[in-house]
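The chain contents come next:
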Amino acid sequence: MKHSIKVNINGQLYLEEVETSMTLLQFIRDKVGLTGTKSGCENGECGACTVIMNGNPVRSCIILAVEADGAEIITVEGLGEKDKLHPLQQSFIETGAAQCGFCTPGMLMAGKALLDKKKNPSNEDITEALGGHLCRCTGYKSISKAVEVALSKNNRN
Amino acid sequence: MIPNVEYRRPKTLEVALEYMKKEGSVALAGGTDVVVNMREEKLLPQLLVDLKDLEELKGIREIPEGIWIGALEPVQKVVENPLIAPYTALVEGAGSIGCLEIRYRATIGGNICNGSPSADSLPGLLVYDALAVIASDMGERKTSLESLLLGPGKVDLKKGEILKGIILPKAKDCSKSKYYRRTRVKGMDLSGVSVAVYAENIGIEGESQIRIALGAVMPTVARARRGEALLAGKKLTDQLIDDAIDEILKDVNPRKGSLRANPEYKKKMVSVLIKKALSEIKGGVSYEA
């Protein structure tokens, strides 16, 4: 069954026809062509496909594209500007939080959602925000450190 | 692969109820179970009825009977709502579901209707005697939430019925509750065993009332009423608690072959977690959940 949907991704409006079977993740990657969002477990468990939907971090692999009709979505491509990295991206580089990089877009979006929601997140908040994300390289420490660093920069600005 | 099924997103409850009468219709809320189950071909709907536009299924507010929670409310909204804060076992249980991204999407109604024996929101709801409000084209019916739970994956919703929301009776000032669970890993795991304990006037003779609900040790989340009856109105001694737990374990028969925990471990943990919760409620040491 085909549906016309209207989705705002990173400030740009996309009008597309999708089938019920298409996930939001497939829509973002295959229809729109934004491949920063990664496809990991495709089961909602690993966090690689995390995007921000109407202000909340969500797993795009277990949301149907048709469910996202009318939604505002931010993907990792919407984080920085062309010549200026987002503070989170910068701090991920500085702390060595990206190794193979596959989990990084999901981690960044979880981090962004946290910084958007809470001015002064605690360490527990950071752990909770990143808690559903798998990373097989870093051991997680450098990632939560990166979010802390970005937070302290945010508060200085 | 997710099948390319028919999908409708009705704007009114009336239309939604019509769709839900159709053969092969499945209600879709947050989709954190439905979409996963469709992909794994455990669920093969002919028609997906997306409930997300139904205003009647939304909101968390005070009503004369207590607190109304619309079935469509995302779990995280329930966890964060100040009106729900007094219902500790519910906040702790719902707050342990999946991870943050899942809780922003998964709904409280979905956690109920998925009918999992280990659903983390249910023990906390059951110890507060939550009611389910169910809509059909005949009108509304109210029933105890516990009676809605029939078995693994099975809830007592008839064709054409939709869970509209739940009512939490007012939390008494003299009451406290606690939720504990055991998982294999800390994050993103389903409960291997869970316990909610509610107490009012704990240990005061003639007034003490204790309610206990167990998850992942029976075909549904359920209250441990035989143990509750033994504890009612009595001063809590170690002996009495042991006797009550013995009584409770008679009803507990965890299935063999669970991926998460073996029956012996589950039974042992039922005992440990009930004692922990009672001790915490009595003002003893606080344990990490």
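Quick caveat, the model's predicted, so the values are computed rather than measured.

About the thresholds
- Residues numbered from 1 in each chain as written.
- Chains lettered and ligands numbered in written order.
- Predicted model: local features only at pLDDT ≥ 70, side-chain atom pairs only at ≥ 80, totals over all residues.
- Pairing = 2+ DSSP bridges.
- Helix = DSSP H or I, 4+ residues; strand = E, 2+ residues; numbered from the N terminus.
- Contact = placed C-beta atoms within 7 Å.
- Axes fitted to C-alpha atoms, helices over the stretch in contact; angles between N-to-C directions.
- Domains from an automatic or database assignment.
- Nonpolar A, V, L, I, M, F, W, Y, C, P; charged D, E, K, R; others polar.

Participant: So, the pairing of strand 4 (residues 60-63) of chain B: which residues are in play, and what are the values?
Facilitator: Residues and elements named next belong to chain B. As judged from the 4 bridges shared by strand 4 and strand 5 (residues 66-70), these two strands associate in the antiparallel manner. Each residue of the ladder has a partner; that of Arg 61, found in strand 5, is Trp 68. Two successive antiparallel strands, strand 4 and strand 5, enclose a turn made up of 2 residues.

Participant: Just give me the short version of the sheet that holds strand 12 (residues 193-200) of chain B, but keep the residues and values in it.
Facilitator: All names here are of chain B. What the 4 strands build is an open sheet, ordered 11-12-13-14; its pairing is antiparallel. Each having just a single partner strand, strand 11 (175-182) and strand 14 (222-223) make up the two edges of the open sheet. Pairing analysis gives 2 bridges linking strand 13 (residues 209-215) to strand 14, with the strands arranged antiparallel. From the neighbouring strand, Ala 213 faces strand 14, where its bridge partner is Arg 223. Across the sheet, helix 11 (residues 263-281) lies against strand 11, strand 12 and strand 13, angled at about 30° from strand 12, the strand it touches most.

Participant: Break down the sheet that holds strand 5 of chain B for me, citing the residues and quoting the values.
Facilitator: Residue and element names in this part refer to chain B. A sheet is described by the order of its strands in space; here 5 strands give the open sequence 4-5-10-6-7, paired in antiparallel fashion. Only two strands of the sheet have a single neighbouring strand rather than two, namely strand 4 and strand 7 (139-144). Taken over all neighbouring pairs, the strand axes of this sheet differ in orientation by 25° on average, direction set aside. Where strand 6 (residues 131-136) and strand 10 (residues 162-169) come together, 5 bridges link them in antiparallel fashion. Each residue of the ladder has a partner; that of Val 133, found in strand 10, is Gly 165.

Participant: Requested: an account of the domain arrangement of chain A, with residues and values cited.
Facilitator: Residues and elements named next belong to chain A. Each assigned domain of chain A is listed with its residue range as follows: domain 1 (2-78) and domain 2 (87-156). Just the C-alpha atoms count here: the centres of domain 1 and domain 2 sit 21 Å apart. Taken together, the contact between domain 1 and domain 2 spans 13 residues of the former and 12 residues of the latter. Sorting the residues of the side of domain 1 that touches domain 2 by element identifies strand 3 (50-53) and strand 4 (56-59) as the ones contributing at least two each. Here the residues of the side of domain 1 that touches domain 2 sort into 7 nonpolar, 5 polar and 1 charged.

Participant: Report on the pairing of strand 1 (residues 2-9) of chain A, specifying residues and quantitative values.
Facilitator: Residue and element names in this part refer to chain A. As defined by bridge partners, strand 1 adjoins strand 2 (residues 12-19) across 8 bridges and the pair is classed as antiparallel. By the bridge assignment for strand 2, Lys 2 is matched with Glu 19. Between strand 1 and the antiparallel strand that follows it, strand 2, lie 2 residues; Asn 10 among them carries a positive phi value of about 50°. Two elements, strand 1 and strand 5 (residues 72-74), share 2 bridges in a ladder whose sense is parallel. Residue Ile 9 lies in a different strand from strand 5, and its bridge partner there is Ile 73.

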